[in-house]
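# Coordinate inspection notes
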Amino acid sequence: MYELLIGLRYTRAKRRNGFISFISLVSILGIALGVAALIIVLSVMNGFQEEVRNRMLGMTSHITISSPDNSLQDWHAAAQISAQNSHVKGAAPYVMGQGLFTNGSQVKGVLVRGISPELEPKVSELADKIVSGRLDTLQQGRFNVVLGWALAQELGVGVGDKVTLITPQGQVTPAGLLPRMRQFTVGGIFKADYYPYDANLAMIHLVDAQKLYRTGDAVSGVRLKIDDLFKAREVAREINRTLPELIIADWSQENPTYFRAVEIEKRMMFIILTLIVAVAAFNLVSTLVMLVTDKQADIAILRTLGASPASIMKIFLVNGAISGFIGTAAGVAGGVLVAANIGTIVPFIEKIIGAQILSADVYLITELPSKIIANDVISIGVISLLLALLATLYPSWRASRVNPAEALRYE
C-alpha cells in the first residue's frame, strides 16, 4: 500500500518546479471543462428531443390508422377493433387536406384537419392548448375554424373574424375549372408551442371537412392514443394483425427523418466532445513526464531501498489517476449543475446580450430544455477516467525504467 501513500503525497506536495504544478492544474481543468461540456450538450439534446416529441405528440397521435387510398370508409369499425387492445386509451377520426387561407392581401398555405370536437380530447391536448375562444365552437354546418396563434398573427385575424379557405378540389363552371372557396369564422386560437403546428395548422369540424374535400362519409384515418408512447411500435404491430388490410403507423414512423437526424447528431456530438476530453486527459502525459524527471532522485532512492519497477509504476499511476478523478468529478458536478439550471442560465444570458438565442421559426421551440440521463453521466465519467488512466501508462512505465546509479550520479 505504500505506493498509494507515496502517490497521494506527490499529488499534494508542493513541487520545486512551479511550471509542473501549472501544467497539472491546466490538465485537470481541461478534463473538467471537457466532461462538463459533454454532459451539458447531451442533456440539452436529450431535453430538446423530449420536448419536441411531447409537443409534437400533444397535437398529433401515437398511432394512425389509414387505408391505402387515404379514404377510410368504416372508421367506426376500425376504432372499435383497435379499442380492444388494452393499451389503446382513445380513438378519433380525422380528415386531412391542404388549402390557402386568405384575409385581404394576406395569403397563407396551411394543413386543414377536420376533427370531431367530442372525440378529439381523447387523442390530443388541443383543448388544453386553446388560448383564445373555445374548441366547442367547431359545430357541424357552422364553418368555424380554430387556428394556430402564429397563423392567426400572419393572417391578422382574431376570434370572431372571417377568413376565406381555398381548396385544391375545383368545381367545373362555364368559365372553366375554379378552386372551391368557403368563408370561415375564427372560433378559437391554439398555441401548441411547436412552431410548425402554430404556423401551419387549422382545425375545422369533421363533417365540414368531409363536405369541403368531398370525401362523403369517409375519413382520412383514425388517430389512437395509447398509455405508453414508447410501446407505440409494438401496439401498432398488434393492431395490424387484426386489421391487415389497413395501414398502421406509429409516431416514430410518421416522423422518421427528424428523430433519426437527432439521434445521429447526438452520437456525433458525443464522439466530438469525447475527443476534447481525450485531448485534455492526454495533457497528463506531459505533466507526468516532467514529474518523473523532477523526481528522478526520489525514484532512485526508492529503488535502492528495494522498490520494484512495478511499484514505481504504481506510484505514478496513482498520481495520474487522482488528477483524472479530480478533473472528472469536478466536470461531472459542474456539468450536472449547469444542465439542471439551464432554464435559468439561458434567459439570463439573453438578457445580458439583448438577443434571443432560440428563434421559434428556426429552432421549433423558444426555450432551451435539458434532461439529465444518469446513464449518460455515468458513461461520460467512466470514459474520462479510462482516458486519464490510459494517459498515465507511458510516463509511469518511463519512471519504472529509471536507472538508480545514473539518477544519483550528480546528486
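Within every chain, residues take consecutive numbers counted from 1 along the sequence as written. Residues qualify for local features only when their pLDDT is at least 70, as the model is predicted, and side-chain atom pairs are given and counted only at 80 or more; totals for whole chains, interfaces and linings, by contrast, use all residues. Side-chain metrics rest on all non-hydrogen atoms present in the structure, leaving aside hydrogens and water.

### A few points about the side chain of Asp376
By definition, any uninterrupted DSSP run of H or I lasting at least four residues is a helix, any uninterrupted run of E lasting at least two residues is a strand, and each is numbered from the N terminus. Structurally, Asp376 is set in helix H15 (residues 374–391). For the exposure calls, accessible area comes from a 1.4 Å probe over protein chains only, and a residue counts as buried if that area is under 20% of its type's maximum, exposed if over 50%, partly exposed in between. Of the residues examined, Asp376 reaches a relative accessible area of 18% and is grouped as buried. Here, residues are in contact when the closest pair of their heavy atoms is within 4.5 Å. The contact partners of Asp376, leaving out residues within four places of it in the chain, are Leu42, Asn46 and Lys266.

### Concerning the pattern of salt bridges
One side-chain nitrogen of Lys or Arg within 4 Å of one carboxyl oxygen of Asp or Glu is enough to make a salt bridge. In the structure shown here, the tally under the stated rule is six salt bridges. Of the charged contacts, one joins Glu154 and Lys108 as a salt bridge, the two residues approaching to 3.8 Å between their closest N and O atoms. Of the two residues, Glu154 is situated in helix H5 (residues 149–155) and Lys108 in strand S3 (residues 106–115); the sequence distance between them amounts to 46 residues. Here Arg223 makes a salt bridge to Glu120, at a shortest N to O gap of 2.7 Å. Of this pair, Arg223 sits in strand S9 (residues 221–226) while Glu120 sits in the loop between S3 and helix H4 (126–129), placing them 103 residues apart in sequence. Residue classification places Arg223 among the buried residues on the basis of a relative accessible area of 3%.

### Some words on helix H8 (residues 232–242)
Along H8, the residues classified as buried are Ala232, Val235, Ala236 and Ile239. All buried residues of H8 project into a common sector of 105° when viewed along the axis, lining one side. Exposed side of H8, more than 90 degrees from the buried face: Arg237 and Arg241 are the residues found there. Among the structural elements, strand S1 (63–66), helix H3 (75–83), strand S2 (88–103), S9, strand S10 (247–250) and helix H9 (251–254) are those in contact with the buried residues of H8. Directions from the helix axis toward the C-beta atoms define the arc.

### Some words on the nonpolar core
Put simply, a nonpolar core is a bunch of buried Ala, Val, Leu, Ile, Met, Phe, Trp, Tyr and Cys residues held in one set by side-chain atoms that sit within 4.5 Å of each other. Among the nonpolar cores identified, the biggest contains 60 residues, and Ile63, Phe101, Val145, Leu147, Phe190, Met203 and Ile239 are the most heavily contacted of them. Among the nonpolar cores identified, the runner-up in size contains 16 residues, and Leu38, Ile380, Ala388 and Ala391 belong to it.

### What about the packing of aromatic side chains?
To pair, rings of Phe, Tyr and Trp, with the six-membered ring standing in for Trp, must have centres within 6.5 Å; the planes then decide the type, stacked if under 30 degrees apart, edge-to-face if over 60, and tilted in the middle. One pass over the full model with this rule turns up one aromatic pair. The ring of Phe143 has Arg182 sitting right over it, with the charged end atom 3.8 Å from the ring centre. In this analysis the charged atom, NZ for Lys or CZ for Arg, is taken to sit over a ring once it is within 6 Å of the ring centre and within 35 degrees of the ring normal. Here the guanidinium or amino end of Lys191 rests over the ring plane of Trp149, the centre of that ring lying 5.4 Å away.

### Describing the packing of H15 against helix H16 (residues 393–400)
Relative orientation of the contacting elements H15 and H16 amounts to 30°, with a least axis distance of 4 Å. One element, H15, and the other, H16, form an angle in the roughly parallel class. Along the contact surface, H15 presents Leu389, Leu390 and Ala391, while H16 presents Leu393, Tyr394 and Pro395. Helix axes are fitted only over the stretch in contact, all axes being lines through C-alpha atoms; the angle between N-to-C directions runs from 0 to 180 degrees. When an angle is under 35 degrees it counts as roughly parallel; over 145 it counts as roughly antiparallel; between 65 and 115 it counts as roughly perpendicular; any other value is oblique.

### Quick word on helix H13 (residues 342–353)
Expected span, for any helix, means 1.5 Å times one less than how many residues it has. Helix length check: H13, at 12 residues, gives a terminal C-alpha distance of 16 Å against a target of 16 Å (1.5 Å per residue), a fit within 8%. Here H13 has its buried residues at Ile342, Val346 and Glu350. Looking straight down H13, one finds its buried side chains confined to an arc of 70°; they lie on one side. Exposed side of H13, more than 90 degrees from the buried face: Thr344, Phe348, Lys351 and Ile352 are the residues found there. Downstream of H13 by a residue or two, Gly354 has a phi angle that is positive, lying close to 70°.

### Overview of the UniProt feature "transmembrane region" (unreviewed entry) in the protein
In the numbering adopted here, UniProt assigns the feature "transmembrane region" (unreviewed entry) to residues 20–45, 270–292, 312–338 and 372–394. Here residues 312–338 runs as 100% helix and 0% strand, with 39 Å between its end C-alpha atoms. Summarising residues 372–394: 87% helix, 0% strand, and an end-to-end C-alpha distance of 35 Å. UniProt positions are given in the numbering used here, feature names are shortened, and annotations may be inferred rather than shown by experiment.

### Things to note about the pairing of S9
The buried fraction of S9 is high, at five of six residues. Two strands pair if DSSP finds at least two bridges between them. In terms of strand pairing, S1 meets S9 through four bridges, oriented antiparallel. The residue bridging Ile65 from the neighbouring strand is Val222, located in S9. Judged from the six bridges that link them, S2 and S9 form a sheet pairing that is antiparallel. Across the sheet, residue Tyr94 finds its bridge partner in S9, namely Gly221.

### Focus on a nonpolar patch on the surface
A contiguous nonpolar patch, built from Ile264, Met268, Ile271, Ile272, Leu275 and Ile276 and spanning about 550 Å² of accessible area, is present on the exposed surface. Examined against the element boundaries, Ile264 turns out to sit in helix H10 (residues 256–294). Judged by relative accessible area, which is 45%, Ile264 ranks as partly exposed. What goes into a patch is any residue over 30% in relative accessible area without a salt bridge, connected to like charges within 9 Å or, for nonpolar side chains (Val, Leu, Ile, Met, Phe, Trp, Tyr), within 5 Å. Computed by Shrake-Rupley with a 1.4 Å probe, the accessible areas treat only the displayed protein chains as cover when residues are assessed.

### Considerations on the environment of Ala391
One can find Ala391 in helix H15. Once the C-alpha coordinates of Ala391 and Asn283 are considered, the two residues, 108 residues apart in sequence, prove to be 7.9 Å apart. Setting aside its immediate chain neighbours within four residues, Ala391 contacts Ala281, Phe282, Leu284 and Val285.

### Brief notes about the environment of Ile115
Following the sequence through the fold, Ile115 ends up in strand S3. Sequence separation of Ile115 and Pro93 is 22 residues, and the distance between their C-alpha atoms is 6.6 Å. Not counting residues up to four positions away in its chain, the partners in contact with Ile115 are Pro93, Glu120, Leu126, Leu135, Leu138, Met203, Ile204, His205 and Leu206.

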